[in-house]
Amino acid sequence: MKEIESRHNESRSNFANRKLNRLSEINSNQGIKFSHSMAEPGSHCPMHTALAVTQRVKGVSSLVVGMPECGFYSRYVMDQPVGKHGELHYVYVLDSNEVVFGCRDGLQEALRIMIQDGAEAIMVIMTCIPALIGEDIKEITEEINAETSAKAVCIDMAHFKRNGYESGFYEVYQALLSLQQNNKQMETHQVNLLGSLLGNEGVRLKEILTENGFQTVELGGSFSLEDMGVITAGRLNIVISIHMLPLARSLEKEYDIPYIFLGAGYSIDDITELYQSIFNALEIKECVSQFQSYEHIQSLLQEKAGSFNNLPYIATAVIPDVLGVCAFLGTLSMKPLLLHVEEYNEWMKEWKTEILAMGQNPYTTYITKRESVAQLLEQVDKEDNLPLLSLGSLKGVPGCCSVDDRKVRQFGSLIGYERTHQLLNTILHSLEESEDAII
Amino acid sequence: MPLYKIVPESSGRMGLLWTLGAIKDAAILEFGSMGHMLYAEKWMSQTGLQKRSRLLSTHLDEKDIALGIVKRLEQSVQELAKDREIKALFILPSSVPEMIGIDIEAVCDQLKEDYTHLPIISLGAGNFKATKSQGIEEALYQLAKHFPNKNDDSNPRAATQSGLRTYNLIGSICDMARFNSDAREIRRIMKGAFHMEAICTLTSDTGVEELKYMGEADVSLVLRKEGVKAAKELERTFGVPYYYGAPYGYEGTLGWIKELETLLGIQAESEFVQRELEEGRYALEACKMMLSYRRDKAKIWIVGNDDIKQGVSSFAYGELRFRPEQGAILMANATKVKQEKQAFGIEIERTTESYNYNRYESPFMGFRGAMKLCSLWLDYLMD
């Protein structure tokens, strides 16, 4: 009994040190530890998001390669074996022999059948077990590509390589570029918008581009594989969604198309600089005062900047660029205590450096039990008598005011000044609404 | 070659989870990638069962795999053992630990010694060949093996004290379309015909507490073949006899009652049985009449597990005069029913496309099930 008790104590004492890494300790997904010992029930694997994206791309078929669980439950996403435009969505379930000896022959045969059935572009989604047995599915798809006019590409969506599901977005968008087979000559008047341009500012940006004689190609929501060919002719990629950043990098590397990551900017200066870079790259004589939200955010900061000063906060929602948000809020002297980081990628290092340079080093974790976040906060240094804000729903923490997940998603869907305005406005509203925000 | 153009077969691990996931105050922990449990939760949430097991996963990373580290599992069990609302903990096998050869059973044996107040059951049927059927059988067997009270001085259940005869209902699993309604119909018939009360319904309506009294039952009623092993275990350990068979159709239900009369040594309430038959006569006669008029449409094709296939076949092809042919009525799982748009589809097995929102849906088993089937088939015949 004493032994068990001592193990319990050891676990408690290890809790802060081991489970809650500081941001400075995070260099890869492996550094992001679970907030609690287990998840209830868990979160989606990257196969799920990979399928969700693939389903919305006209002309792309899919083949999930894995165990019965992957194959069976993935049909929650791909509920029909044949898509609206004849895409095929099949499953390859490894049998007990293939788990030991590999699935090369069977998988090649399966791809040939898909091609015979009419698939022209196939996203092969590799899950945990094929990744674990080290099957070289990339090589298998390349061999198939060499013998047919159809094209297959493999993405590694093994869940044990990360906690979250974000890589399903990143890798599918990037892999789509390899699937398209219609490279175009550069169109000097074509601008690619990687992500959906929503909100008033998004509409205005599109108008500016059109008024200046540019044709825009927008990749967001649903699109077709042909569009992936069209974007190879772009003069500039404006990256709206962080999920499209790896795609933009590939377009730069393979097609010499420069990109500007508009989604990276949260502060007025950063956003202004990004817009200016876009206008310079396209030789457009416009200025940022074109955007009404530019005035709005300026007024808000002039009047309310003090409200954010020293405000401690945590982020519980899935915010793909949470480190970018954190770096910006740091410029307003807000204090990050704990961040849920769904996935960490090497391009996020710049934000990490900025945050650390401000003298901030929040706990960084993968929250598996949001209802037990209060337990985590017991170990987080916080000043008394200050309100605590949560970006993302949070219950059970007295005096904490939270911006619910829906509102977090809302600001995340906007761009530029409007996005920042929405973010800060939402925080202010939450603070105002919380009558009992003092802890 | 294991290429599937529609939903693939479910595995032994899924059979385990779907069976145990319905138990009210238990928890199921998977030492594996957590995406599976989220989907499993979605599956269970669509069954319409409001009280069921808690589903948890440890997740694992490359380091755990490379070094065979089981600390996540140990810490999770340690935490769950503190939760007094959890009355039993099932450790679900998962594909990655199976692949790398982690001996979960050995780890669990150690954990059982540490937490003696909590039943910790490590499950088999996790290998790469195990079918859903094997998983269900294993889960039911483990329940019969580990949970019934073996002490003679245990407090008898209230129903037993009051003199009511009791039974275990084994095999109501959420992979079947009408699993809940079928179990309710069996309980209604047992009450009406034999004045008997269910101790527990494995597993769609039971908690861990009820499982303790399985050994006190007068009989175990097994609705599907996967439950036979569990029933035999109860017979071996406690001397509880069992009857395996599911009542489909009027003749099938009467035959089922007759078998129970023999086994239990009592007569069913004839008034109840006659009333049920009388109530169903209208639909049955109408169905027979329409079948004689519309021989061109008198075709049913059944795709499902052996028990429902056999039961419905005997009603449709035997008692009524349908022909086992394709092209008219299709009784199959939800996905197949949706795909075969030309056929008149009736869902008999659940898939990812199934939603059991109406817990008072009519059954397919028993007298009311026969009436429901007649009315569904008439919809097609009269169209």
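Computed from a predicted structure; not experimentally measured.

Explain the pairing of strand S2 (residues 26-30) of chain B here, please?
Consecutive residues of a regular strand have side chains that alternate between opposite faces of the sheet. Residues and elements named next belong to chain B. Within S2, 5 of the 5 residues are buried, which leaves it mostly tucked inside the rest of the structure. Sheet topology note: the S2/strand S4 (residues 88-92) ladder contains 5 bridges and is parallel. Looking at S4, one finds that Ile28 is bridged to Phe90. Traced from S2 through helix H2 (residues 35-45) to strand S3 (residues 54-57), the parallel crossover comes out right-handed.

Mind showing me how you'd approach the domain arrangement of chain A here?
It is common to report an interface's size as the accessible area lost on association of the parts. Residue and element names in this part refer to chain A. Here the domain parsing of chain A yields domain 1 (46-162), domain 2 (190-290) and domain 3 (304-433). Across the boundary between the two partners, domain 2 contributes 26 residues, which contact 19 residues of domain 3. Of the roughly 1,800 Å² buried where domain 2 meets domain 3, counting both sides, 63% is carbon and sulfur surface. A per-residue breakdown of the area domain 2 buries against domain 3 is headed by Glu201, Ile242 and Tyr266, which together make up 41% of the total. Inspection of the domain 2/domain 3 interface yields 1 salt bridge.

Sorry if this is basic, but what is going on with the nonpolar core here?
Burial of nonpolar side chains together is a common tendency in soluble globular proteins. With 274 residues, the main nonpolar core has Leu176(A), Tyr275(A), Leu329(A), Leu391(A), Ile427(A), Phe90(B) and Trp377(B) as its most contacted residues. Residues in contact with Trp377(B), not counting those within four places in the same chain, are Cys287(B), Ile300(B), Val312(B), Phe315(B), Ala316(B), Leu320(B), Phe322(B), Ile329(B), Met331(B) and Ile346(B). Of all hydrophobic cores here, the second largest spans 14 residues; its members include Leu20(A), Leu377(A), Leu388(A) and Val397(A).

Would you mind going over the sheet that holds strand S8 (residues 190-194) of chain A with me for this structure?
One key point about sheets: their strands pair by backbone hydrogen bonds, in either a parallel or an antiparallel sense. Residue and element names in this part refer to chain A. Spatial ordering of the open sheet is given by S9-S8-S11-S12, a layout of 4 strands whose pairing is parallel. One side of each edge strand has no neighbouring strand; the edge strands of this open sheet are strand S9 (215-219) and strand S12 (259-261). Strand-to-strand twist in this sheet, taken as the mean axis angle between neighbours without regard to direction, amounts to 20 degrees. When S8 meets strand S11 (residues 236-239), the two strands line up parallel, connected through 4 bridges. The partner of Leu194 across the bridge, within S11, is Val239. The strands that helix H12 (residues 268-281) touches are S11 and S12; relative to S12, the one it contacts most, it runs at about 165 degrees.

Would you mind showing me how to read empty space enclosed by the protein here?
The method is simple in principle: a probe with the dimensions of a water molecule rolls over the atoms, and the space it marks as empty is what remains. Taken as a whole and assessed by the stated rule, the structure comprises 5 cavities of 30 Å³ or more. Space inside the largest cavity adds up to approximately 250 Å³. Residue lining of the largest cavity: 19 residues in total, with Glu69(A), Cys70(A), Cys128(A), Ser33(B) and His36(B) positioned closest to the centre. The set of elements that each furnish at least two residues to the lining of the largest cavity consists of helix H3 (68-73) and helix H6 (128-132) of chain A together with H2 and helix H5 (95-100) of chain B. Take the lining of the largest cavity: its biggest share by element is 3 residues, from H2(B). Put simply, the second largest cavity is a space of about 120 Å³.

When you look at the interface of chain A and chain B in this model, what are you seeing that I'm missing?
Between chain A and chain B, the residue contacts involve 58 residues of the former and 56 residues of the latter. Across the chain A/chain B interface, buried area totals approximately 5,200 Å², and carbon plus sulfur atoms make up 63% of it. On the chain A side of the contact with chain B, Phe72(A), Tyr73(A) and Tyr76(A) bury the most area, a combined 16% of that side's loss. Counting across the chain A and chain B interface gives 4 salt bridges. Arg54(B) is paired through a salt bridge with Glu40(A); the nearest N and O atoms lie 2.8 Å apart.

Can you help me understand a negative patch on the surface in this one?
Residues and elements named next belong to chain A. On the surface, Asp269, Asp270, Glu273, Glu350 and Glu354 cluster together into a patch of negative charge. Those elements that place two or more of their residues in the negative patch are H12 and helix H15 (349-357). Along the chain, Glu354 turns up in helix H15. Judged by its relative accessible area of 37%, Glu354 falls in the partly exposed class.

What exactly am I supposed to notice about the pattern of salt bridges here?
For side chains bearing opposite charge, pairing can occur when the charged atoms are close. Residue and element names in this part refer to chain B. Overall, the coordinates contain 40 salt bridges over all chains when judged by the stated rule. With a shortest N-O distance of 2.9 Å, Glu325 and Arg323 are connected by a salt bridge. Relative accessible area serves as the criterion here: at 33%, Glu325 is assigned to the partly exposed category. Among the ionic contacts, a cluster of salt bridges with common partners joins Lys132, Asp175, Arg224 and Glu226.

Mind showing me how you'd approach the packing of aromatic side chains here?
We describe a pair of aromatic rings using the distance from one ring centre to the other and the angle between the two ring planes. Scanning the model with the defined rule gives 25 aromatic pairs over all chains in all. Here the aromatic rings of Phe34(A) and Tyr366(A) are separated by 5.7 Å at their centres, their planes lie at 20 degrees, and the arrangement is stacked. In this pair, Phe34(A) is assigned in strand S2 (residues 33-34) and Tyr366(A) in strand S15 (residues 363-366), connecting sequence segments 332 residues apart. Phe34(A) sits in the buried class, given a relative accessible area of 4%. Take Tyr366(A): its relative accessible area is 3%, and that puts it in the buried class. Within the aromatic cluster, the residues linked to one another by ring pairs are Phe72(A), Tyr73(A), Tyr76(A), Trp18(B), Tyr39(B) and Trp43(B).

Help me understand unusual backbone geometry in this model?
In terms of backbone geometry, most residues other than glycine have negative phi values and most peptide bonds are trans. For the peptide bond that leads from Glu40(A) to Pro41(A), omega is -5 degrees, which places it in the cis range. Within the element layout of this structure, Pro41(A) appears in the loop between S2 and helix H2 (46-55). Residues Leu202(B) and Thr203(B) are joined by a peptide bond in cis, for which omega reads 0 degrees. Tracing the backbone shows Thr203(B) in strand S7 (residues 196-203).

Is there a simple way to explain the sheet that holds strand S10 (residues 300-302) of chain B in this structure?
All names here are of chain B. Taken in spatial order, the 3 strands of this open sheet run S10-S11-S12, and their pairing is parallel. The sheet is open, and its two borders are formed by S10 and strand S12 (344-349), each paired with just one other strand. Between one strand axis and the next, the sheet turns through 20 degrees on average, direction left out of account. Of the strand pairs in this sheet, S10 and strand S11 (residues 329-333) are connected by 3 bridges, and their pairing is parallel.

Would you mind going over the domain arrangement of chain B with me for this structure?
All names here are of chain B. The domain boundaries assigned to chain B delineate domain 1 (12-146), domain 2 (158-247) and domain 3 (271-381). Distance from the C-alpha centre of domain 1 to the C-alpha centre of domain 2: 24 Å. On the domain 2 side, the residues contacting the 22 residues of domain 1 number 25 residues. Interface of domain 1 and domain 2: buried area, both sides summed, is about 2,000 Å²; carbon and sulfur atoms make up 68% of it. Looking only at domain 1, the three residues that lose the most surface to domain 2 are Leu140, Tyr141 and Ala144, adding up to 27% of its buried area. The interface formed by domain 1 and domain 2 contains 2 salt bridges.

Where do I start with the packing of helix H5 (residues 104-116) of chain A against helix H7 (residues 137-147) of chain A in this structure?
In helix packing, the relevant descriptors are the interaxial angle and the interaxial distance, both defined with respect to the helix axes. Residue and element names in this part refer to chain A. Put simply, H5 and H7 touch, their axes get as near as 10 Å, and they point 40 degrees apart. Between H5 and H7, the interaxial angle falls into the category oblique. Both H5 and H7 take part in a crossing whose hand is right-handed. Contacts from Arg104, Leu107, Gln108, Leu111, Arg112 and Ile115 of H5 reach H7 at Ile137, Glu139, Ile140, Thr141, Glu143, Ile144 and Glu147. Within the contact of H5 with H7, the residues separate by chemical class into 6 nonpolar, 2 polar and 5 charged.

Can you help me understand helix H13 (residues 270-293) of chain B in this one?
Residue and element names in this part refer to chain B. Taking 1.5 Å of rise per residue, 24 residues should cover 34 Å, and H13 covers 33 Å from first to last C-alpha, within 8% of that figure. Along H13, the sharpest kink reaches roughly 45 degrees, centred on Arg281. For H13, the complete set of buried residues consists of Phe272, Val273, Glu276, Leu277, Gly280, Ala283, Leu284, Ala286, Cys287, Met290 and Leu291. Taken together, the buried residues of H13 touch helix H9 (179-194), helix H12 (250-264), helix H14 (306-319) and helix H16 (366-381).

Definitions and limits used
Residues numbered from 1 in each chain as written. Chains lettered and ligands numbered in written order. Predicted model: local features only at pLDDT ≥ 70, side-chain atom pairs only at ≥ 80, totals over all residues. Heavy atoms only, no water. Buried < 20%, exposed > 50% of the residue type's maximum accessible area, 1.4 Å probe, protein only. Helix = DSSP H or I, 4+ residues; strand = E, 2+ residues; numbered from the N terminus. Pairing = 2+ DSSP bridges. Right-handed = clockwise from strand over helix to strand, strands pointing away. Domains from an automatic or database assignment. Contact = heavy atoms within 4.5 Å. Buried area = accessible area lost by both parts, 1.4 Å probe. Salt bridge = Lys/Arg side-chain N within 4 Å of Asp/Glu carboxyl O. Core = buried A, V, L, I, M, F, W, Y, C linked by side-chain atoms within 4.5 Å. Axes fitted to C-alpha atoms, helices over the stretch in contact; angles between N-to-C directions. 1 Å grid on protein atoms, 1.4 Å probe; cavity = no way out; pocket = protein on both sides within 12 Å on 5 of 7 lines; lining within 4 Å. Points joined across faces, edges and corners; volume = space filled by probe spheres on them. Patch = residues over 30% accessible without salt bridge, like charges linked within 9 Å, V, L, I, M, F, W, Y side chains within 5 Å. Areas by Shrake-Rupley, 256 points an atom, 1.4 Å probe, with all protein chains shown as cover. Lys, Arg positive; Asp, Glu negative; His and termini not counted. Charge placed at Lys NZ, Arg CZ, Asp CG, Glu CD. Phe/Tyr/Trp six-rings, centres within 6.5 Å; stacked < 30°, edge-to-face > 60°. Parallel < 35°, antiparallel > 145°, perpendicular 65-115°, else oblique. Left-handed = near helix turned anticlockwise from the far one by under 90°. Nonpolar A, V, L, I, M, F, W, Y, C, P; charged D, E, K, R; others polar. Expected span 1.5 Å × (residues − 1). Bend = angle between axes of the 7 residues up to and from the residue.

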